[in-house]
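Close look at the chain arrangement
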Amino acid sequence: MNGPALLNLRGVARSFGAVQALKPLDLEVHAGEVHAIVGENGAGKSTLLKLVAGVLRPDAGVISIHGQTQRFSGPKAARRAGIALLPQEVEVPENMTAADCIALGREKRGGWWRQRRAEVAEAQRVLALVHAQFAADTPVEQLSIGARQQLLLARALAEDAKLLVLDEPTSALSAREAEQLMLLVESLRARGAGILFISHRLPEVLRLADRVTVLRDGERVAEFARATCSAAGLVAAMVGRNLPAPQTRALAQHDTLLQVRGLRTAAHAAHSVDFDMKRGEIVALSGLVGSGRTEILRSVFGADMSRAGNVAINGVTIVPGSPLHSTRAGFAFVPEDRRADGIFDGFSVENNLGMSSVQSSAGAWWRSPARERQNAQRVAADAGIAATRLAVAAETLSGGNQQKVMLARWLTKSPTLLLLDEPTRGIDVAARAEIHALLLRLAAAGTSVLFASSEMEEVLHLADRVLVLHEGRLAGTLERADLNEERLLALATGAHAA
Amino acid sequence: MNPERQRILGIFGLLVMVVGITAALNPDFLGAYNLGNILRWTALFGVLSLGAALVIMTGGIDLSLGSMAGLAGALLPWLLRVHGWPAWAAMMLLLAGCALLGLLHGVLVTRLRLAPFVVTLCGLLIYRGAARTITSEQVIGYGVEHEQLRLLATGSVFGIPAPLLLLVGVALLTHLFLARSVAGRWLLATGRNPAAARLCGVPTNSMITLAYVLCAMLAGLGGMLFSLDLNSVTPAQFGQSYELYAIAAAVLGGCSLRGGEGTVLGVLIGTAVIRVLYNATNLLGIPTQLEFAIIGGVILLGVTADELLRRLRQSRSAL
C-alpha cells in the first residue's frame, strides 16, 4: 500500500486504575481494507475501539489519520475526523423517520428552518449505498435491528466517514441479516472505506478480514494476513497461556435435582435448550456475549414472564415470572448488574443481607431484629465480609464486597439451587478467590450451582460440566475430564460443531 | 449519626426556627387557643400526610387523596342525615369503599403498568365529580345532632385535642408497620430498588398495591375527621388541594420521590411546619395572597438544604 495509512496507531496505551487494559500497541488500517480484531473477553478489544472512536483518551501514544496526528476531545471530534463507530448495542431514536435520524444533529438549514426535502434526498442517496430495503420516510420504530444497523451505516456515509468501526456487528442479527451485513461490508470496502471489525465469530473474520490482530490481556500476540489465517491458528493465539489443567474433583453420584426441557427465551426464540443438573453439581453456562447465557439463567429462575418450556426442581414445576415462587422452591439468584438489580442503596449491609430472608417463616408478619442480626453476622462470616461493615451503607462497599453481599443474602435459607450471572465481574483477585472458595464449599455441602461466566479461568476452575452456547443454541456440553480452553472456544465461536 | 436521624433533626430545626420567628414577632402565637388549633389541624393533616408518604415510599404518588378525603367527608353527613345510617356502619362502609378504590389504583399501577400520576390524577377528577353528584351539590353538615361523634374531631382529653390522640395512634401503627413488620421492610425495599427486590423474592406488586390501599383508607379517615371538625361540607371544594399539602409534608419530612426512604416522625414534623407557616401568615398580617408562595418557598428551601447536605456528606465520605 502506498502513502500513510488511513488509521495509524503508534504505542497507544490505556490503563484503568492499576489495570493496564491496553499495553502500547501499533496498528494500521488502510483504505479499502478490513482489519479484524479478535480476542477473548477482557483482552482489550473494547478499550482499543473506544480509543479509536474518541470515547476514551489514550494515556500514551499517537493516533493519526492519513498521517495527521489527532487528539480527540470526544466522540464528536473523532466523527469529524471521519471515524464512525457502530456500537454493539444499536441505539437509535425511535420517534422519527429514517431520514430524520440520518439528518439528526446535522440538519440542513435555510436560516432558522430545516430543509426537509434536501434531508430526504440525502437520506435516499446513502440508504441506496447500503442497499437498504426500506424507504427514507419509514418510522425507525418499524425497523428490525439489522435495518437499524444499515441506517447507522448510512448515517456514517452521509457524514463522509472514511473509517468504519464495527463492534460485534452481527451479534444481534439473524443469519440472513448477518449475511446481508457482510455483503455490505464487502461493498463498502470495494468503495475504498477502511473497516475496523471486531468479532467473536471466527467464520466471519475468516471471510471478511484482510488482516487479523489477536489481542490477549491487552497485548497483541499475533497478526495474520489473509493468506496465513486459519481458525485453528486464531484459537491457538487467543488462548496462548497455559492454564493449569482443571483438577479432577470427586463428584458423588447424586440424583437429578433440576430438569430443564424445551426452554426458549425471547432473545433466541428459534432455539430451545434442554439440560439436567445433579445435586451438588457446578455447571457453567459459557458462550460469547449475546449467546443467550443471561436469558437462560433468568428463565430458569423464572425472573421473566416470557418463556416457553418447563423447569422443574425435584419434579415440581416452577411458575415463570414469579421469583417469589422460585425462592420458596429453594432457588437463589445473583444477578449480573449489582447496582441495578442487586444492591439496595442507602440500606445498611445488614439490611441488604437480610433482604431474602426478612420473613423468618412463611406467613410470618413481624420481623425479628435479633434473629436478623444473628443471621447477618453468620452469613457475613461465611462470605468473608468484615463484621465491622454490617452497619455501613451497602453502596459504600467495594465491588467485591457488594458481590459477596448479594451471594451471602441467600445463605440464611441454604438454597438448593444457586444461580449466578457473572459472579466475579469487575472485582479484585482476592475477593474472586474467596467467592470461588465459597461456591466450592456450598457445592460440597450439596447445593447445586449454575453460573454464567465470560471468564475462562473461572469456568475451568469451578465447573464440573460446561454448557457451551452459540447464538442461543446449545453448541455442546463438556465434562470436566474433556474440558480445555481450545475446545470451549471452538464451540463458543462456532469454529466447528461439537 | 445515621442520615435518617440527621434529616429528622434538620427538619425539626426548621420547625423550631419557624416557631421561634413567629413567636418573637407576635406573642399571641404561643397562646393556648392558637397552639391548640395548630395541633388540631396538624393532627388532621398528619393522617393524610402519612398516607401520601406510604405511596411515595414505594416510588409512586397519589394525587387523588384530596378528592378521596372530600368524598368520604361529604358522604359521612349525607349517610347520617339524609339516610339515617348509624355512625359506625357509615364509617365502616366509607373506609371499605376507600380501600376498594385504593385497590383499584394499585391494580392499575402494577398490573396494567399505568403511571401512578395519571391513575391518581383521574381519581382526583372522578371522586370530586362523584362527591358533587351524589350529594346534589348540597352544603351539608351534622347540625346539632351527632355531638358525640363530632367529639372525635373537636373534643379533647386532659387538654389534648382528640384528633392528636388519633394521629398518635395511627402514627405508631404506621411506624410499627414500617420498622418492624415484614411487609414494611418489603415496601421500603420495593421503593428503593424494585428489580432487586423482585429478584429477592419480594412480592413487589402486592406491596405497591398495599400502599395505595392504606393511603386511600387514611385519606378517607382524614376526610371524615375534617368533616366532623368543620360541621359544614361544600362538596365542590372540601378537601381540594389537600393532596398537595400532604405530598409537600411527606417530601419536606424526608420522603424522596425516588422512593425507598422516609420516616413517620419526619413526615409528622413536616406537616407541623406547613401548618405553622399557614398559621404564621395569618397571625403576622402577611397578605393572604402570599400564603401559598411562602409555604412553597420554605419547602423549596428545606429540600434544597437537605440535598446540599447530602452531597456534602457524600463528598466527605468519598475522601
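Residues numbered from 1 in each chain as written. Chains lettered and ligands numbered in written order. Predicted model: local features only at pLDDT ≥ 70, side-chain atom pairs only at ≥ 80, totals over all residues. Heavy atoms only, no water.

Quick look at the overall build of chain A
- If you tally the helices and strands in chain A, you get 17 helices and 22 strands.
- Relative to the compact-globule value of 23 Å for 498 residues, chain A shows a C-alpha radius of gyration of 25 Å, a close match.
- Along the three orthogonal principal directions, the C-alpha set of chain A runs to about 70 × 55 × 45 Å.
- Of the contacts made within chain A by residues no fewer than 6 positions apart, 65% connect residues no fewer than 24 positions apart.
- When the accessible surface of chain A is totalled, it reaches about 21,500 Å², and 51% of it is carbon and sulfur.
- On chain A, the mean spot of the 56 positive side-chain charges and the mean spot of the 53 negative ones are 3 Å from each other. (Helix = DSSP H or I, 4+ residues; strand = E, 2+ residues; numbered from the N terminus. Rg over C-alpha atoms; globule rule 2.2 N^0.38 Å. Contact = heavy atoms within 4.5 Å. Areas by Shrake-Rupley, 256 points an atom, 1.4 Å probe, with all protein chains shown as cover. Lys, Arg positive; Asp, Glu negative; His and termini not counted. Charge placed at Lys NZ, Arg CZ, Asp CG, Glu CD.)

A closer look at the pattern of salt bridges
Residues and elements named next belong to chain A.
- Taken as a whole, this structure holds 35 salt bridges over all chains when the rule is applied.
- Between Glu 372 and Arg 367 there is a salt bridge whose closest N-O contact spans 2.9 Å. The burial state of Glu 372 is the same as that of Arg 367; both residues are buried.
- Where Lys 404 meets Glu 434, a salt bridge forms, and the shortest distance between an N and an O atom there is 3.0 Å. (Salt bridge = Lys/Arg side-chain N within 4 Å of Asp/Glu carboxyl O. Buried < 20%, exposed > 50% of the residue type's maximum accessible area, 1.4 Å probe, protein only.)

Digging into the interface of chain B and chain A
- Each partner contributes residues to the interface: chain B has 21 residues there, and chain A has 30 residues.
- Of the roughly 2,100 Å² buried between chain B and chain A on both sides combined, carbon and sulfur atoms contribute 62%.
- Of all residues in chain B, the largest losses of buried area upon contact with chain A belong to B:Arg185, B:Leu199 and B:Cys200, amounting jointly to 32% of the total for that side.
- Mapped by element, the contributors of at least two residues to the side of chain B that touches chain A are α7 (162–180), α8 (182–192) and α9 (194–199) of chain B.
- Ranked by residues supplied to the side of chain B that touches chain A, first place goes to α8(B) with six residues.
- Its residues placed into classes, the side of chain B that touches chain A shows 13 nonpolar, four polar and four charged. (Buried area = accessible area lost by both parts, 1.4 Å probe. Nonpolar A, V, L, I, M, F, W, Y, C, P; charged D, E, K, R; others polar.)

As for the side chain of A:Thr213
- The topology assignment puts A:Thr213 in strand β11 (residues 211–216).
- When sequence neighbours within four positions are dropped, the list of residues in contact with A:Thr213 reads A:Leu27, A:His35, A:Ala36, A:Ile37, A:Val38, A:Arg220, A:Ala222 and A:Glu223.

Describing the packing of aromatic side chains
Residue and element names in this part refer to chain B.
- According to the stated counting rule, one finds nine aromatic pairs over all chains in the structure shown.
- A ring pair is formed by Trp 41 and Phe 45, whose centres lie 6.0 Å apart and whose planes are at 40°; its orientation type is tilted. Of this pair, Trp 41 and Phe 45 both sit in helix α2 (residues 32–57), separated by four residues, roughly a single helical turn.
- For Trp 41, a relative accessible area of 21% corresponds to the partly exposed category.
- When its relative accessible area of 4% is taken as the criterion, Phe 45 is described as buried. (Phe/Tyr/Trp six-rings, centres within 6.5 Å; stacked < 30°, edge-to-face > 60°.)

Focus on the domain arrangement of chain A
Residues and elements named next belong to chain A.
- Taken as a whole, chain A is organised into domain 1 (5–239) and domain 2 (256–492).
- Of the residues lining the interface, nine residues belong to domain 1; the matching set on domain 2 comes to nine residues.
- Across the domain 1 to domain 2 interface the summed buried area is about 930 Å²; carbon plus sulfur atoms make up 61%.
- For the salt bridge of Glu 471 with Arg 201, the shortest nitrogen-to-oxygen distance reads 3.2 Å. (Domains from an automatic or database assignment.)

Quick look at the pairing of strand β14 (residues 273–278) of chain A
Residues and elements named next belong to chain A.
- Covered by surrounding structure in β14 are Val 273, Phe 275 and Met 277 only, the residues Asp 274, Asp 276 and Lys 278 on the alternate face being uncovered.
- The pairing of strand β13 (residues 256–265) with β14 spans five bridges and is classified as antiparallel. Its bridge partner lying in β14, Gln 259 is registered against Asp 276. (Pairing = 2+ DSSP bridges.)

Some words on unusual backbone geometry
- Backbone geometry places A:Glu422, a non-glycine residue, at a positive phi of 50°.
- Its location among the elements puts A:Glu422 in the loop between β19 (417–421) and α15 (429–444).

A closer look at helix α1 (residues 45–52) of chain A
Residues and elements named next belong to chain A.
- Across the eight residues of α1, six count as buried, placing the element largely inside the fold.
- Among the residues making up α1, those that are buried are Lys 45, Thr 47, Leu 48, Leu 49, Leu 51 and Val 52.
- With its phi angle positive at about 80°, Gly 54 sits one or two positions after the end of α1.

Some words on the pairing of strand β3 (residues 34–38) of chain A
All names here are of chain A.
- The buried count for β3 comes to five of five residues, which makes it a mostly enclosed element.
- The side-chain alternation of β3 yields two buried faces, one formed by Val 34, Ala 36 and Val 38 and the other by His 35 and Ile 37.
- Both β3 and strand β10 (residues 194–198) contribute to a ladder of four bridges, which runs parallel. In the strand pairing of β10, His 35 is matched with Leu 196.

Here we look at the sheet that holds strand β6 (residues 83–86) of chain A
All names here are of chain A.
- Taken together, the six strands give an open sheet; going across it, the order is β6-β9-β10-β3-β11-β12, and neighbouring strands pair in mixed fashion. The open sheet has two free edges, formed respectively by β6 and β12 (219–225), since each of these has just one partner strand. The average undirected angle you get between the axes of adjacent strands in this sheet is 20°.
- Pairing between β6 and strand β9 (residues 163–167): four bridges, direction parallel. When the sheet's bridge partners are listed, Ile 83 is paired in β9 with Leu 163.
- In the packing of α1 onto the sheet, the strands contacted are β3, β6, β9, β10 and β11, and the crossing angle to β9 comes to about 150°.
- The strands that helix α5 (residues 145–158) touches are β6 and β9; relative to β6, the one it contacts most, it runs at about 170°. (Axes fitted to C-alpha atoms, helices over the stretch in contact; angles between N-to-C directions.)

Quick word on the sheet that holds β19(A)
Residues and elements named next belong to chain A.
- One open sheet accounts for six strands, arranged β18-β19-β20-β15-β21-β22; its pairing is mixed. Each having just a single partner strand, β18 (331–334) and β22 (473–479) make up the two edges of the open sheet. Strand-to-strand twist across the sheet, computed as the mean angle between neighbouring axes with direction ignored, equals 15°.
- Pairing analysis gives five bridges linking β19 to strand β20 (residues 448–452), with the strands arranged parallel. Bridge pairing links Leu 420 to Phe 451 in β20.
- Contacts from helix α17 (residues 485–493) reach β15 (282–287), β21 (465–470) and β22 within the one sheet, and its direction differs from that of β21 by about 30°.

So, the packing of helix α3 (residues 65–82) of chain B against helix α4 (residues 87–110) of chain B
Residue and element names in this part refer to chain B.
- Here α3 crosses α4 at 155°, and the two axes come no closer than 10 Å. If you check the angle between α3 and α4, you find them roughly antiparallel. Seen along the crossing, α3 lies across α4 with a hand that is right-handed. Taken together, the residues of α4 that come into contact with α3 (itself represented by Met 68, Leu 71, Ala 72, Leu 75, Leu 76, Leu 79 and Leu 80) are Ala 87, Ala 90, Met 91, Leu 93, Leu 94, Cys 98, Leu 101 and His 105.
- Looking at the contact of α3 with α4 residue by residue, the classes come out as 14 nonpolar, one polar and no charged. (Parallel < 35°, antiparallel > 145°, perpendicular 65-115°, else oblique. Left-handed = near helix turned anticlockwise from the far one by under 90°.)

Considering a nonpolar patch on the surface
Residue and element names in this part refer to chain B.
- A contiguous nonpolar patch, built from Phe 117, Val 118, Leu 121, Leu 125 and Ile 126 and spanning about 490 Å² of accessible area, is present on the exposed surface.
- Assignment of secondary structure puts Leu 125 in helix α5 (residues 116–134).
- Residue Leu 125 is classed as exposed on the basis of its relative accessible area of 57%. (Patch = residues over 30% accessible without salt bridge, like charges linked within 9 Å, V, L, I, M, F, W, Y side chains within 5 Å.)

Some details on the packing of helix α4 (residues 116–129) of chain A against α5(A)
Residue and element names in this part refer to chain A.
- Relative to each other, α4 and α5 sit at 115°, their axes nearing to 8 Å. Our pair here, α4 against α5, has a crossing hand that is right-handed. Here Glu 122, Val 126, Leu 127 and Leu 129 of α4 lie close against α5, whose contacting residues are Leu 151, Ala 154, Leu 157 and Ala 158.
- Residues of the contact of α4 with α5, tallied by class, amount to seven nonpolar, no polar and one charged.

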